[in-house]
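Working through the structure, step by step
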Amino acid sequence: GEFFSMLGPSGSGKTTTLRMIAGFEQPTAGEIYLEGKPVAGVPPYRRNVNTVFQHYALFPHMTVAQNVGYGLRQRGVGREEERRRVAEALGLVRLEGYGQRRTWELSGGQQQRVALARALINRPAVLLLDEPLGALDRKLRHEMQIELKQLQQTVGITFVYVTHDQEEALTMSDVIVVMRDGRIHQLGAPEELYQRPVSRYVAGFIGSSNFIDAHLVEHDPGTARAIVETRAGLRLPGLVTDRAGRPSPGSAVAVGIRPERLQIERAEPGAVATVRDGWTRVPGRVTQGTYLGDATEYRVATDAVGELVIRSQNAGADADTWIAGPGESVVVAWREDANLVLVT
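Note on numbering: residues in each chain are counted from 1, in written sequence order. Reporting in this predicted model follows two pLDDT cut-offs: at least 70 for local features of residues, and 80 or more for side-chain atom pairs to be given and counted; totals over whole chains, interfaces and linings ignore these cut-offs and use all residues. Only heavy atoms go into the side-chain values, all of them from the structure, while hydrogens and water stay out.

So, the nonpolar core
Inclusion rule: What is meant by a nonpolar core is a set of buried Ala, Val, Leu, Ile, Met, Phe, Trp, Tyr and Cys residues, joined one to another through side-chain atoms within 4.5 Å. Only protein chains enter the area calculation, which uses a 1.4 Å probe; residues under 20% of their type maximum are buried, those over 50% are exposed, and those in between are partly exposed. Numbering of helices and strands runs from the N terminus, with a helix taken as a DSSP run of H or I at least four residues long and a strand as a DSSP run of E at least two residues long. The contact definition used throughout considers only heavy atoms, calling two residues in contact when any of these lie within 4.5 Å.
Core analysis: the biggest nonpolar cluster contains 34 residues, and V68, L116, L127, L129, L148 and F159 have the highest contact counts within it. When contributions to this core are tallied by element, the ones reaching two or more residues are helix 2 (64-68), helix 4 (79-92), helix 5 (108-120), strand 5 (126-130), helix 6 (138-155) and strand 6 (158-163). Among the elements that make up this core, the one with the highest residue count is helix 5 (6 residues). Apart from the residues lying within four places of it in its own chain, the contact partners of F159 are E2, F3, F4, L127, L129, L148, L151 and Q152. Counting residues in hydrophobic clusters, the runner-up holds 27 residues, among them I212, I264, V305 and V330.

This is how it looks when you write it as structure tokens:
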């Protein structure tokens, strides 16, 4: 009953896993259980799953209603039952009244809804979705992300969704699994993966992060608190994230800091890097500022920790907001609880 997303770069094994669940590929080892029953070796047409692909594979010579009801006709369902269930499925995807149209008369988003209705009409135990929003423009993709999540909550069945788009996964998922080279790196709720990534790879793939190379000085496994030292000799406190292992003193680590956790301030003359009273402050110089509407993204070169990316929320149009320009001397500040000590 969850919206479960497999997230990772091309070649990480997402689609292969999806195809094994569907029955298009067979596992070389292990077993797949569907509704508690082993299905490895069971042909696709005997599995209670349906798949929606990026290219919807709709039949252009059929009406919308004929496309949606195709699976029912293959199963020998009577005409009245087919009409009733087609109307029900089109209502689910907000296409009432579109039954007699041809698929080529529809927009991309409407075609995607037809493909969803066709997949759901047979009442599968699991709906498999292989990057189904890939052909849509950005605005429509965002609208369909919200609709897909609402649809999953309405029908109450398991959705298994494959994507390489982290925003899609964060927007829709109850559970995300981050994959690379056929292996699971981390599995959990979106908030857990974003706030407590177990490795530099996960932190870099879910959202964006600044990474400061360092080595471990101290680590208390009981509290997960650690002290690390950067290459420039700056000692930073931080937290070792859950399940990230127990790195030993002297081992190479990275301190991950999300751009929105950083603040940018005007620099006083002679500013130096400091770590005290729960705050770290490092002087630097703005190399680039990018206005993004709701926020401004800065790149700041520092001697203490290298380049930092800061995402600063913009105030209203009438607010007296200071925006640093390229070449300007600034101080970047952040609280110590923003420091995540990550295995590399």
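Section: the pairing of strand 18 (residues 329-335)
Cut-off, in case you're wondering: For two strands to count as paired, DSSP must find a minimum of two bridges between them.
Strand 18 sits mainly inside the fold: 5 of its 7 residues count as buried. Here strand 13 (residues 263-266) runs beside strand 18; their pairing, made up of 4 bridges, is antiparallel. Counted as the bridge partner of Q263 is A333 from strand 18. Relative to strand 18, strand 15 (residues 279-291) runs antiparallel, the two sharing 7 bridges. Bridge pairing links G284 to V330 in strand 18.

What to know about the sheet that holds strand 12 (residues 252-257)
Defined as follows: Here, axes are lines fitted to C-alpha atoms. For helices the fit covers the stretch in contact, and angles between N-to-C directions go from 0 to 180 degrees.
The strand order around the closed barrel formed by 5 strands is 9-10-11-19-12, and the pairing between neighbours is mixed. Taken over all neighbouring pairs, the strand axes of this sheet differ in orientation by 55° on average, direction set aside.

Regarding the side chain of R118
The following threshold applies: When charges are counted, Lys and Arg are positive and Asp and Glu negative, with His and the chain ends excluded. By definition here, a salt bridge exists when the distance from a side-chain nitrogen of Lys or Arg to a carboxyl oxygen of Asp or Glu is within 4 Å. Pairing of N or O atoms within 3.5 Å defines a polar contact, subject to two protein rules: one partner must be a possible hydrogen donor and the other a possible acceptor, and residues neighboring in sequence count only if both atoms are side-chain atoms.
Structurally, R118 can be placed in helix 5. In this structure, R118 is buried with no salt-bridge partner, the nearest side chain bearing the opposite charge being E82 at 12 Å. Separated by 3.2 Å, the side chain of R118 and the backbone oxygen of A57 make a polar contact. Dropping the residues within four chain positions of it, R118 is found in contact with N50, Y56, A57, L58, F59, N67 and V68.

Observations concerning the sheet that holds strand 4 (residues 49-53)
Strand pairing in a sheet is mediated by backbone hydrogen bonds. Such pairs are either parallel or antiparallel. Taken in spatial order, the 6 strands of this open sheet run 4-5-6-1-7-8, and their pairing is mixed. Two strands in the sheet have a free side with no partner beyond their single neighbour: strand 4 and strand 8 (183-188). Pairwise comparison of adjacent strand axes, ignoring direction, gives a mean angle of 20° for this sheet. Judged from the 4 bridges that link them, strand 1 (residues 3-7) and strand 7 (residues 175-180) form a sheet pairing that is parallel.

Let's talk about helix 5
Selection criterion: For a helix, the expected span equals 1.5 Å multiplied by the number of residues minus one.
An ideal rise of 1.5 Å per residue puts 18 Å on 13 residues; helix 5 measures up with 19 Å between its terminal C-alpha atoms. Buried positions along helix 5 lie against strand 4, helix 2, helix 4, strand 5 and helix 6.

Examining the side chain of T230
In this structure, T230 sits in strand 10 (residues 225-230). The class for T230 is buried, based on a relative accessible area of 4%. In contact with T230, other than residues within four places in its own chain, are I212, D213, A214, L236, A304 and V305.

A few points about the packing of aromatic side chains
As a reminder of what qualifies: Any Phe, Tyr or Trp ring, taking Trp's six-membered ring, that has another such ring centre within 6.5 Å forms a pair; planes under 30 degrees apart are called stacked, those over 60 apart edge-to-face, and the others tilted. Criterion for a charge above a ring: Arg CZ or Lys NZ at most 6 Å from the ring centre, at most 35 degrees from the ring normal.
The tally for this structure, following the rule as stated, stands at 5 aromatic pairs. Ring geometry for F3 against F159: centres 5.6 Å apart, planes inclined by 45°, an arrangement best described as tilted. In this pair, F3 sits in strand 1 while F159 sits in strand 6, placing the two residues 156 residues apart along the sequence. Accessibility classification places F3 together with F159 in one group, the buried group. Ring geometry for F3 against Y161: centres 5.6 Å apart, planes inclined by 45°, an arrangement best described as tilted. Of this pair, F3 sits in strand 1 while Y161 is found in strand 6, placing the two residues 158 residues apart along the sequence. Just as F3 is buried, Y161 falls in that class too. An aromatic cluster is built from F3, F159 and Y161, whose rings are joined through pairwise contacts. Across from the ring centre of F59, 5.6 Å away, lies the NZ or CZ of R118, which sits over that ring. Sitting over the ring of Y194, R258 keeps its end group 4.0 Å from the ring centre.

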